[in-house]
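Read off the chains here:
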Amino acid sequence: MAARVSRVDSSSVVVSDGGLAPFQSEGLLFSAGAELDSLQAGGEPFRRCSAKLRALSASGGATVKTELNLLLDELLSHNYSLQNSGHNITAQDVCVVIVHASRLIPHSQEHLVIKLCQLIHQLLNQLQVIVDEQTLYTLVSYCTRALRTCSSWTHSEILLAVSSLVYGNGPRCQQHLPELIGPNGVLLKYGDPKQTDIELRRSSVHCLANLCLGVPGHPYLEESYKGVCYRIFLHNLQSLKPSDVEDVVFCTLLQSSLKGIQYFLNGAKWKSTPDQDLGTLLALLKKYMFYGLPGINVEMPQVLYPAPLPQYEAVPAAKAEPAQDVPAQRKTSGSQQNKKRKSRGKGKKAKAEGKTDGGPEEGDDEEPISVPVRTGGGGGAGRGEGRIGWPKTSNPLTLLLQTGAHSQFYPNWKKNSSDSEFSDPEGGMQSKLRLYQARVRQSALQCFLAVVKSVEKRVLHGYWSSFIPDAPGTGSPPSLTLLTIALKDPSPKVRAASLQVLSALLEGSRQFLSAAEDTSTPRQAFTPFSATLAASLRELHRCLLLALLAESSSQTLIQVIKCLAHLVSNVPYNRLRPGLLSPLWKQIRPYVRHRDVNVRVSSLTLFGAIVSAQAPLPEVQLLLQQPSQSMGPGTSGGATPQEQCLSWRQPVRRDREPNLPSPGGTGVDGVLEAPCWLLQLCVALVTQPRDEPYSDSDAAGSTGGALEPSPVRLEALQVLAHLVKGYFALTQTSLLELAQLSARCLREQEPSVQLHGAKLLEELGTGIIQQYRSDASTSESAGAVPLSQVVQFWSEVLTGPLIGALQNDQHPTLQTSACDTLSSILPQAFSQFPDKTQVLCITILLGLTYSENSLVKAAAVRALGVYVLFPCLREDVMFVADTANAILTVLDDRFPNVRAKAAWSLGNLTDTLIVNMESVELEFQEEFSDMLLLKMLRSATRASGDKDRVKSNAVRALGNLLHFLQPAHLRKPAFQQPLEQAMRALIDTVKGDATMKVRWNACYALGNAFRNPGLPLGTASWSEEAYSALSSVVTSCKNFKVRIKSAAALSVPASRDRYGDTRQFAEVWCALAQALEHSEETEDFLEYRYCTSLRTELCHALLHLLSLCQLDDLANVQASLNSQSKAVLLGFLVHYLSDVALVSRPEDVSGEDAGDQMEPRDRLKELEQALSRLKELEGEDRVDSKSDLDTVKMFLEDVSKSCETIKAAEGLDASVTHTNSPPKFSSD
């Protein structure tokens, strides 16, 4: 929460940046000379004074007035914020006192009105009180009447009281809003930039800002009133500073206006209107981001426009700082440097003396003037002029170490100081002004952060070049961006705020940044946007690395590292030239041993982002394979100049003892088999004791004992999980050691550590499965984990604390993760477990499906859905039946997420039924219960009407069940109605408006059902509807993948009678022919990548229909072959039959969708079957159909001849190429 602005007296204004409540002062400041230490604690005196005040009556005359005046003075003399606890002053006590005082003080007694307003402001601010609705109405009414009746000199104090009252209460002031911010409202009058009294103007803007502040969970101010406030804020930011107004006072006005816009944006989405132009607001924010920044003097454009390139920023030549400053500093002699050190020390003394004059402390927001520059980048290094303009070929670290870098990168406003420049009064005022200017910049950045959160990312990406640096140009000054602030601003809070904004811009920008590419080496005359964006990303890496090297503030350093983590998570490194991550990797390694625990945690977070970014990246793989000895601070390759001050512990011992003892006593010999250094580091951080005492910030997160603090250990476990997921091959040598690490974590008492240990186990299991799944023929020599070692790994896990975690009802989240771990067991390894171990896993999972916790129930039923696919379990009828009953029970759960997992498991179980039907034949089908099968059919039909997440897999299960039904089932009356209901559920889903994934699965399910020869397809009442639904989808669906699957379903029936009568056959043929003719017409460009697959499936379906057609069907077929359609269809069929490159390829079916994949077919054989069928029809003596038969036959013969001609031409070309090729000689 930000700070309110408090008026001190007529000559000074103080803005507080801390405190508990937004926009509130830390305490009431008194006249010059008043010391905070002399203020009395306000608990007991408040109760005594409030009791006396409540005893006063308005009928007491002059005596009451005198007594009231004394009581108000005494109440104002106490500092209530000093009482952190124990004052026992409730909000009700405060409201009673100030309401009663308002009834005793008439508006004619203006000096008492002022004191009452000061008391309201002080009590509400220091005690962090938001008044109730009745008190709000009473006091706001009192203040508005005071504004109408009292003299203008009192209005400033009254407005401060109003600002405290309306803080967070804007929507509850409905009755007073017309008077305050209506057409003639007092706040609009005083807040207008034309108002000459700057104090009234600032107080009014302050009130408007607090009116706009919304409290989460409560209604916000009406849009019409918010729009009025926004215009006032904007106009004040656009106005110039009056010449008679002090800079510090004007800074408070700017800060109030920026806070107002921030509150206006919080909790709402940006709505672009003529009065709310995003480009205008961003231009103002960019202007005030650099307000008062030393060395920056530019004229910002009034409006920013979406543009791919940086927009012009005019730099006044007359105001530019002399460029000779840098070389002059390089030539400074040793004695002159000593003199400058003395002058900076004098400045520090002046700053200390300035505090006694009532000036604000600079040290809270700025780095001390006398901070020396560390070799390699210190607190002041890099925030001077010329920092961003380093040559591309220069190493930033090397350049920082060059002679003269000390003065070159020192901020200009800190150079050339003398005794006269920092005399006591002037030094204090300059220090105070710099502090207020920094707060304006910080407020502008906080406002910008609110803009980023309220505006759609795709809109903000148009302004990317205005705030993100591009590649440094030659001969032109660098553009002003967020990185300029991060590198040059003297205030660590402002630098941190700029990095927060940059992180927010980068977060969720992966799709936008995916357009970047610079892998192509040749440069063209025209620079594409992809290259421009890639150059911008490279500059981002370079500047953030400089900020990392130069930062001295721990809090800002954390923001630098977090920003780097956001950058790494969103950059498409696989489309960029390698080399971006290596410098970052090298420089971030020492920060894992930083004294501040939060810096260490952030560094580990960055490592996690690196190893999870488009894994596996070759560059990261090489970095991980570097020997662990390079981690030491004495090596040249792995340390920065900051190593000595950052490395506060000795890492040597950890390098010697990186791993837990191997359970089997097997060591790793050779560099290639040794664990990577990052794995060693993370294991050491989790298991080994710390070497030296930590900083104070470690105490809160310490787990007790000598281990690392919990945040560090948890982040190390997360890095291990990312490392295993992305680079499993580099971690598999430590498989058993990581199993012991996970077991150790599961035995600890802290739930979060247990949870991360289970997550690591799950990633290890998943890595093993993917390794075996990637190549079914993978052998031990090919690099896969030996199956014996996998069995040993899981045997140790299942005999360890994992079973206890599964049975721990007190921690359902841990149970959920443990269920996911069980589901990641390799099927080949599971089959080698002892029977009691297999039964134990299955029994626990079946029992957890009845858990009261929805997350546990969902994880358990999903794990059963994985187990039911295991080859060693799927033929066990009892296990399949028990799993089916558990799934059907969970399928009726009230939580959608649980039902979705159950539907997915039901789909897997029905896949198992199909596999068993084809492999085990009738034995499994006869043993499987008919009643259970009927129950599954009904449950799946009901689930097909659920939410899309459930429906997607429910229709998949329906298709499998309809395929599985045997003639014996279909003859039973009990199956008749469920069968028809299931088919109509699939038809409705195909025709409905569900997501494309659901419709894809429904089309697949219909095709799966059509494969059952026992279904009355072609004669049943639902047949016509099924064919009509598929025909409609294949011609009109916008999604080509759904079209492909519907065309595949239409080509499934193996006999002519299953297509129904002649009319139904003609409808299917015409739909397929029309879909093929218009297969290149789409509104979505992304669908074009599926055009080839769609035409392949359509051509196959048409040839399949011709191979089954009858004489009565040829009339409709011939009618579709008109002059235009005939040529188009002939071209596509010839292309399908002759182009070897058109071999069907598997579709991109992601997620948990199941479905058959298109396989390459012998296409000429399909054509031969169609011609053979037409020749068979020639034997039937039907004169009325002879013309149609000849037309269709000639069409296919033309297709065949064209294919032969093309193949002959291809053969001739191949022979010519072979003849002209140079002779090859074999070497002896």
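What you are looking at is a predicted structure, and each value in this text was computed from that prediction instead of being measured. (Residues numbered from 1 in each chain as written. Predicted model: local features only at pLDDT ≥ 70, side-chain atom pairs only at ≥ 80, totals over all residues. Heavy atoms only, no water.)

Enquirer: Help me understand the overall build of the chain in this model?
Expert: Looking only at helices and strands, the chain has 57 helices and four strands in total. In the chain, which comprises 1228 residues, the share counted as buried stands at 56%. Residue pairs at least 24 apart in sequence account for 75% of intrachain contacts in the chain once pairs closer than 6 positions are excluded. Working note: accessible area of the chain is about 52600 Å², and carbon and sulfur atoms make up 52% of it. (Helix = DSSP H or I, 4+ residues; strand = E, 2+ residues; numbered from the N terminus. Buried < 20%, exposed > 50% of the residue type's maximum accessible area, 1.4 Å probe, protein only. Contact = heavy atoms within 4.5 Å. Areas by Shrake-Rupley, 256 points an atom, 1.4 Å probe, with all protein chains shown as cover.)

Enquirer: Please clarify how the side chain of N1039 should be interpreted in this entry.
Expert: Tracing the chain through its elements places N1039 in the loop between α50 (1021-1036) and α51 (1040-1050). By relative accessible area, N1039 is classed as buried at 15%. Within polar-contact distance, the side chain of N1039 engages the backbone nitrogen of V1042 at 3.1 Å. The contacts of N1039, once residues within four sequence positions are left out, are M996 and E1087. (Polar contact = N/O pair within 3.5 Å; in protein donor to acceptor, adjacent residues only side chain to side chain.)

Enquirer: Would you explain helix α39 (residues 835-848) in this entry?
Expert: An α-helix turns once every 3.6 residues. As a result, residues three or four positions apart point the same way. In this model, α39 (14 residues) spans 20 Å end to end at C-alpha, consistent with the 20 Å of a helix rising 1.5 Å per residue. For α39, the set of buried residues is T837, Q838, C841, I842, I844, L845, L846 and L848. (Expected span 1.5 Å × (residues − 1).)

Enquirer: What is the right way to look at the pattern of salt bridges in this model?
Expert: Pairs can form between side chains of opposite charge once their charged atoms are near each other. Per the counting criterion, the structure on display carries 29 salt bridges. Among the ionic pairs, E456 bridges to R458, the shortest N-O distance being 2.8 Å. Residue classification places E456 among the partly exposed residues on the basis of a relative accessible area of 48%. Measuring nitrogen to oxygen at the nearest pair gives 2.7 Å for the salt bridge that ties R1056 to D1113. Placement of the pair is R1056 in the loop between α51 and α52 (1062-1077) and D1113 in helix α54 (residues 1111-1120), with a sequence separation of 57 residues. (Salt bridge = Lys/Arg side-chain N within 4 Å of Asp/Glu carboxyl O.)

Enquirer: Explanation requested: the environment of N574 in the structure shown.
Expert: Within the secondary structure layout, N574 lies in the loop between α24 (554-570) and α25 (581-588). As a C-alpha pair, N574 and Q614 span 40 residues in sequence and 7.1 Å in three-dimensional space. Apart from residues lying up to four places away in sequence, N574 is in contact with Q614 and L617.

Enquirer: Mind showing me how you'd approach the packing of aromatic side chains here?
Expert: The way to describe two aromatic rings as a pair is by their centre distance and the angle between their planes. In total, this model carries 20 aromatic pairs according to the counting rule given. Judged by centre distance (5.6 Å) and plane angle (55°), the rings of F830 and F833 are tilted. On the numbers, 5.6 Å between centres and 40° between planes, the contact of F1010 with Y1027 is tilted. Here the residue F1010 occupies a position in helix α49 (residues 996-1010), and Y1027 occupies one in helix α50, the gap between them amounting to 17 residues. Feature note: the residues F830, F833, Y867 and F870 constitute an aromatic cluster, connected by ring pairs. The positively charged end of K226 is found above the aromatic ring belonging to F264, 5.1 Å away from the centroid. The lysine or arginine in question, R589, covers the ring of W677, its NZ or CZ lying 3.9 Å from the ring centre. (Phe/Tyr/Trp six-rings, centres within 6.5 Å; stacked < 30°, edge-to-face > 60°. Lys NZ or Arg CZ within 6 Å of the ring centre and 35° of its normal.)

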